[in-house]
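Results of the structural survey
Residues per chain, in single letters:
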Amino acid sequence: MSHTIQGFSKLSKEEKINWLTQNFLSQNPQAESILKQYWNTDSNLQQLHDEFIENTVTNYYLPLGIAPNFVINNKTFAIPMAIEESSVVAAASKAAKFWMSRGGFKAEILGTEKIGQVHFMYKGGESELRILFEASKAELLADLKPLTQSMEKRGGGITGLQLISKTEALEHYYQLHVTFETLDAMGANFINTCLEQLSESWQRIFASWSSKPENTTLQVVMSILSNYVPGCVVRAEVNCAVGELSEADGIDPQEFAEKFVQAVRIAEVEPYRAVTHNKGIMNGIDAVVLATGNDFRAIEAGAHAYAAKDGRYSSLTHAEIRNDQFRFWIEIPLALGTVGGLTKLHPLVKLNLEMLGNPSAPQLMEIIAVAGLAQNFGAVKSLTTTGIQKGHMKMHLMNMLNLLEATKTEKEQAISHFKTHKVSHNAVQQFMEGLRNTVEK
């Protein structure tokens with residue numbers, strides 16, 4: 001029997017679910033009820049969620065947690081984090097509390113430049129093409145004016161336009177490389193609209209080039225923004241006297257600081273470690289990006305490209321001890337928006353941004369960079385002291401108990417037991433079996 005279908009998008013949500021359950025979930029009698037139990041009882045709110053994407057059948061929940069006590073540039077924040085992984089919110093909260101009494105986090109914007117490109121293949125002399133570009137640059141920008149004038153009134157718009165040759169990497173390959181300032185918007189739609197207009201204008205100008213050499217051709221391949229934004233960067237850091245690190249799990253503060261710095265340096269030089277190190281940073285960053293309605297896939301791609309900007313994948317964070325001062329910092333590209341997209345549509349996103357004081361895009365960059373730095377501090381601190389699994393598995397305990405369908409009383413007994421015992425899947429399973437066997441007897 002064929003499981004393909006024509007016109008799926010035209011079906012109602014009920015019809016989509018019926019087709020899905022009949023063709024792919026026929027062995028599960030609860031499939032339909034599971035899908036429907038996640039619908040919102042408010043039909044208008046549910047319709048809003050249905051229309052965020054195509055072919056919606058239900059909602060997919062992630063926990064929304066709060067990491068309090070973040071002092072950033074002398075202002076206190078409670079940071080919303082949407083994530084499913086155990087211990088992320090706890091680690092961020094613990095790091096925030098640790099630094100709260102040590103001056104908090106400092107953050108600053110290093111740049112807010114976004115990038116877009118018109119990619120084209122050109123067969124002909126480069127010098128002639130550059131003459132054409134320089135002669136028509138004003139016309140290209142003038143054609144964009146109807147699209148950019150509103151952004152320009154607010155202080156944004158196009159900040160640069162270059163012709164770049166990439167023929168050393170790929171024969172005949174050139175770019176129109178454009179830089180943008182999009183203010184509080186992430187700017188993807190604005191940038192892409194401008195680039196498509198630029199592409200049309202460039203092709204028109206080339207076609208009407210009166211002194212075009214014979215057999216010269218130009219073909220636009222695509223026009224698209226880049227999620228690599230090395231000019232849209234934020235720095236966040238913490239620092240204190242080495243002696244103030246005395247609460248680091250009871251170990252000598254000098255020893256802790258030196259070991260911490262060595263751990264970060266390992267991530268700077270060893271790509272295998274750097275990937276996991278940076279993944280921990282993104283645990284904190286992605287959680288806040290998602291909670292504020294931004295594109296975590298774009299942020300991930302840009303961050304990892306930035307981590308490899310010097311030709312080798314490396315740590316996004318850095319640490320040093322200088323003049324008995326411990327310093328730990330991050331520099332990371334974050335192309336974010338606080339207007340447009342889901343920021344004004346999703347009720348929880350709106351609430352989360354309100355919780356953060358309705359920040360501008362640069363302010364949100366600072367908050368999110370701090371969340372990543374805090375997450376990394378917590379991870380490296382655990383790795384260099386107690387080990388990562390002790391805290392993580394304690395936080396994961398509840399997931400294991402839920403998987404074993406533990407009752408409220410069983411959970412209380414298990415939590416009490418594992419305060420002094422090592423947590424593992426096998427240990428939890430054996431404890432639950434022993435507990436239930438005792439009850440049965």
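Whatever comes next refers back to the structure up there.
Residues numbered from 1 in each chain as written. Predicted model: local features only at pLDDT ≥ 70, side-chain atom pairs only at ≥ 80, totals over all residues. Heavy atoms only, no water.

This part is about the overall build of the protein. For the protein, the helix and strand inventory stands at 14 helices and 10 strands. Each of the three principal axes of the protein carries a C-alpha extent, and together these read 95 × 70 × 40 Å. By the burial criterion, 43% of the 441 residues in the protein qualify as buried. Expressed as a percentage of contacts within the protein between residues at least 6 apart in sequence, the contacts between residues at least 24 apart total 70%. A total of about 23,100 Å² of accessible surface is found on the protein, and carbon and sulfur atoms cover 52% of it. Placing the 40 positive and 47 negative side-chain charges of the protein at their respective mean positions leaves the two points 4 Å apart. (Helix = DSSP H or I, 4+ residues; strand = E, 2+ residues; numbered from the N terminus. Buried < 20%, exposed > 50% of the residue type's maximum accessible area, 1.4 Å probe, protein only. Contact = heavy atoms within 4.5 Å. Areas by Shrake-Rupley, 256 points an atom, 1.4 Å probe, with all protein chains shown as cover. Lys, Arg positive; Asp, Glu negative; His and termini not counted. Charge placed at Lys NZ, Arg CZ, Asp CG, Glu CD.)

Where strand S8 (residues 233–241) and strand S10 (residues 325–333) come together, 9 bridges link them in antiparallel fashion. Considered in S10, the bridge of Cys 240 is made with Phe 326. Two elements, strand S9 (residues 317–322) and S10, share 6 bridges in a ladder whose sense is antiparallel. Bridge pairing in S10 places Ile 321 opposite Phe 326. In textbook terms, the turn of a hairpin is the stretch between consecutive antiparallel strands, and for S9 and S10 this stretch comprises 2 residues, one of which, Asn 323, has a positive phi near 55 degrees. (Pairing = 2+ DSSP bridges.)

A few words on the side chain of Glu 320. Here Glu 320 shows up in strand S9. On the basis of relative accessibility, which here comes to 16%, the residue Glu 320 falls in the buried class. Here Arg 322 takes part through its side chain, which lies 3.3 Å from a polar atom of the side chain of Glu 320. Once you skip the residues sitting within four places of it in the chain, Glu 320 turns out to touch Val 261, Gln 325, Phe 326, Arg 327 and Trp 329. (Polar contact = N/O pair within 3.5 Å; in protein donor to acceptor, adjacent residues only side chain to side chain.)

This part is about the nonpolar core. Within the largest apolar cluster, 93 residues are counted, with the highest numbers of intra-cluster contacts made by Phe 70, Phe 120, Phe 326, Ile 332 and Leu 334. Looking at this core element by element, the count peaks at 11 residues for helix H11 (residues 361–383). When sequence neighbours within four positions are dropped, the list of residues in contact with Ile 332 reads Cys 232, Val 233, Val 234, Met 282, Ile 285, Ala 303, Tyr 306, Leu 316 and Ala 369. (Core = buried A, V, L, I, M, F, W, Y, C linked by side-chain atoms within 4.5 Å.)

With that settled, the discussion passes to H11. With 23 residues, H11 ought to run about 33 Å at 1.5 Å a step, and its terminal C-alpha atoms sit 33 Å apart, in line with that. With 18 of 23 residues buried, H11 is to be regarded as a mostly interior element. (Expected span 1.5 Å × (residues − 1).)

The antiparallel open sheet is built from 4 strands, whose spatial order is S5-S6-S4-S7. Strands with a single pairing partner mark the edges of an open sheet, and in this sheet they are strand S5 (157–165) and strand S7 (217–226). Pairwise comparison of adjacent strand axes, ignoring direction, gives a mean angle of 15 degrees for this sheet. Sheet topology places strand S4 (residues 114–123) next to strand S6 (residues 173–181); 8 bridges connect them, and they run antiparallel. Looking across to S6, one finds that Ile 115 is bridged to Thr 179. Running over the sheet, helix H5 (residues 126–153) touches S4, S5 and S6 and is turned about 160 degrees from S5. Here helix H6 (residues 188–207) sits on the sheet and contacts S4, S5, S6 and S7; the angle it forms with S7, its principal contact strand, is near 170 degrees. (Axes fitted to C-alpha atoms, helices over the stretch in contact; angles between N-to-C directions.)

So, about a nonpolar patch on the surface. Nonpolar side chains collect at one region of the surface, where Ile 34, Tyr 38 and Tyr 61 lie side by side and expose about 280 Å² of accessible area between them. Positionally, Tyr 38 belongs in the loop between helix H2 (31–36) and helix H3 (43–50). Taking the relative accessible area as the measure of exposure, Tyr 38 reaches 30% and is therefore partly exposed. (Patch = residues over 30% accessible without salt bridge, like charges linked within 9 Å, V, L, I, M, F, W, Y side chains within 5 Å. Salt bridge = Lys/Arg side-chain N within 4 Å of Asp/Glu carboxyl O.)

This part takes up the packing of helix H4 (residues 88–100) against H11. A pair of packed helices is captured by two measures, namely the crossing angle of their axes and the spacing between those axes. Running from amino to carboxyl end, H4 crosses H11 at an angle of 95 degrees, the nearest separation of the two axes being 8 Å. By the criterion of interaxial angle, the relationship of H4 to H11 is roughly perpendicular. Across the interface between the two elements, Val 88, Ala 91, Ala 92, Lys 94, Ala 95, Phe 98 and Trp 99 of H4 pack against Ala 374, Gln 375, Phe 377, Gly 378 and Lys 381 of H11. Grouping the amino acids of the contact of H4 with H11 by side-chain chemistry returns 8 nonpolar, 2 polar and 2 charged. (Parallel < 35°, antiparallel > 145°, perpendicular 65-115°, else oblique. Nonpolar A, V, L, I, M, F, W, Y, C, P; charged D, E, K, R; others polar.)

Our next topic: the sheet that holds strand S3 (residues 106–109). Sheet architecture is open: 4 strands sit in the order S3-S8-S10-S9, paired in antiparallel fashion. Only two strands of the sheet have a single partner each, and these edge strands are S3 and S9. Strand after strand, the sheet turns through a mean of 20 degrees between neighbouring axes, direction not considered.

Another point: empty space enclosed by the protein. In total, this model carries 2 cavities of 30 Å³ or more according to the counting rule given. Its boundaries defined by the atoms lining it, the largest cavity holds a volume of some 100 Å³. Considering the residues around the largest cavity, the lining is formed by 14 residues, among which Met 186, Ser 226, Asn 227, Val 229 and Ala 335 are closest to the centre. Contributions of two or more residues to the lining of the largest cavity are made by S4, S7 and helix H9 (296–307). The greatest single-element share of the lining of the largest cavity, amounting to 3 residues, is contributed by H9. (1 Å grid on protein atoms, 1.4 Å probe; cavity = no way out; pocket = protein on both sides within 12 Å on 5 of 7 lines; lining within 4 Å. Points joined across faces, edges and corners; volume = space filled by probe spheres on them.)

With respect to burial, S8 is a largely interior element, 7 of its 9 residues being buried. Pairing between S3 and S8: 4 bridges, direction antiparallel. Counterpart to Lys 106 in the pairing with S8 is Glu 237.

One can describe the packing of helix H8 (residues 271–291) onto H9 by two numbers: an axis separation of 10 Å at closest approach and a directional angle of 150 degrees. In terms of orientation, H8 and H9 fall into the roughly antiparallel class. Considering only the axes of H8 and H9, their crossing is right-handed. Counted together, Asn 278, Met 282, Ile 285, Asp 286, Val 289 and Leu 290 of H8 and Phe 296, Ile 299, Glu 300, Ala 303, His 304 and Ala 307 of H9 form the full contact between these two elements. Among the residues forming the contact of H8 with H9, the class breakdown is 8 nonpolar, 2 polar and 2 charged. (Left-handed = near helix turned anticlockwise from the far one by under 90°.)

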